[in-house]
Amino acid sequence: MGIDEMPAEARACLVRLEPAAAWIAAQARDAFLVDTRPECQRRAGGELPDAIVIERNHLEWRLDPASPGRIPEAVGTSVRWISCAMPDTRRAWRRTPCVASD
């Protein structure tokens, strides 16, 4: 597999969720809602209740169980991460689709 195919394969493992479904999914054991928006977008669009805030440029190493900089919740590869990002700051987070690992 070449580098061009890798992103497509990774995306195939993701499930797109509407905000209400993401909220429900985050209530499961070993599932966490992660808000990857920059601080200015969180301020403009509102906070996600109970979300772990990790800005996008820190995401991989903060969620990697093998990383010395991981967050306490990153305990293994079976953890389900539900990531919410909002590309348009004029929309409220409640209308922003989220992505969950499968």
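Residues numbered from 1 in each chain as written. Predicted model: local features only at pLDDT ≥ 70, side-chain atom pairs only at ≥ 80, totals over all residues. Heavy atoms only, no water.

**Section: the overall build of the chain**
Selection rule: By definition, any uninterrupted DSSP run of H or I lasting at least four residues is a helix, any uninterrupted run of E lasting at least two residues is a strand, and each is numbered from the N terminus. Burial here depends on accessible area, computed with a 1.4 Å probe over protein chains only, as a share of the maximum for the residue type. Under 20% is buried, over 50% is exposed, and the range in between is partly exposed. Exposure was quantified through the Shrake-Rupley algorithm and a 1.4 Å probe, taking into account, for residues, occlusion by the shown protein chains and nothing else.
Regarding its fold elements, the chain presents 4 helices and 5 strands. Each helix and strand of the chain, placed in order from N terminus to C terminus, yields the pattern α-β-α-β-α-β-α-β-β. In the chain, buried positions account for 34% of the 102 residues. For the chain, the exposed area adds up to about 6700 Å²; of that, 55% sits on carbon and sulfur atoms.

**Notes on a nonpolar patch on the surface**
Let me state the cut-off plainly: For patches, a residue must show more than 30% relative accessible area and have no salt bridge; joins then use 9 Å for like charges and 5 Å for nonpolar side chains, namely Val, Leu, Ile, Met, Phe, Trp and Tyr. We define a salt bridge as a side-chain nitrogen of Lys or Arg found within 4 Å of a carboxyl oxygen belonging to Asp or Glu.
Taken together, M1, I3 and M6 make up a surface patch of nonpolar side chains, about 360 Å² in accessible area. Considering the arrangement of structural elements, one finds M1 in the segment before α1 (6-12).

**Comments concerning the side chain of R37**
Heads up, the rule is: Polar contacts, as counted here, are pairs of nitrogen or oxygen atoms within 3.5 Å of one another; within protein the pair requires one atom able to donate a hydrogen and one able to accept it, and residues that are adjacent in sequence qualify only if both atoms are side-chain atoms.
Within the fold, R37 resides in the loop between β2 (31-35) and α3 (39-45). Of the polar contacts made by the side chain of R37, one reaches the side chain of D35; its length is 2.6 Å.

**Quick word on the pattern of salt bridges**
What the rule picks out here adds up to 4 salt bridges. The salt bridge partner of E55 is R42, with a shortest N-O separation of 3.9 Å. Taken together, the residues E55 in the loop between β3 (52-53) and α4 (59-63) and R42 in helix α3 connect sequence positions 13 residues apart. According to the relative accessible area criterion, E55 is partly exposed, its value standing at 30%. In this structure, R56 and E60 form a salt bridge, with 2.8 Å as the shortest nitrogen-oxygen distance.

**Comments concerning the side chain of T36**
Mapped onto the secondary structure, T36 falls in the loop between β2 and α3. Residue classification places T36 among the buried residues on the basis of a relative accessible area of 6%.

**Observations concerning the confidence of the model for the chain**
Any region with low pLDDT has predicted coordinates that should not be read closely. This is how it is decided: Values of pLDDT, the confidence the predictor places in each residue, fall between 0 and 100. Here a residue-residue contact requires only that any non-hydrogen atoms of the pair lie within 4.5 Å.
Per-residue pLDDT for the chain averages 80, and the proportion of residues at 70 or more is 83%. At the low end of the mean pLDDT range in the chain sits strand β5 (residues 98-101), at 59; at the high end sits β3, at 93. Counting interchain partners and residues more than four positions distant, the pLDDT-below-50 stretch residues 88-95 has 17 contacts.

**Comments concerning unusual backbone geometry**
The phi angle at D30 is positive, at roughly 60°, despite the residue not being glycine. If you trace the backbone, D30 turns up in the loop between α2 (19-26) and β2.

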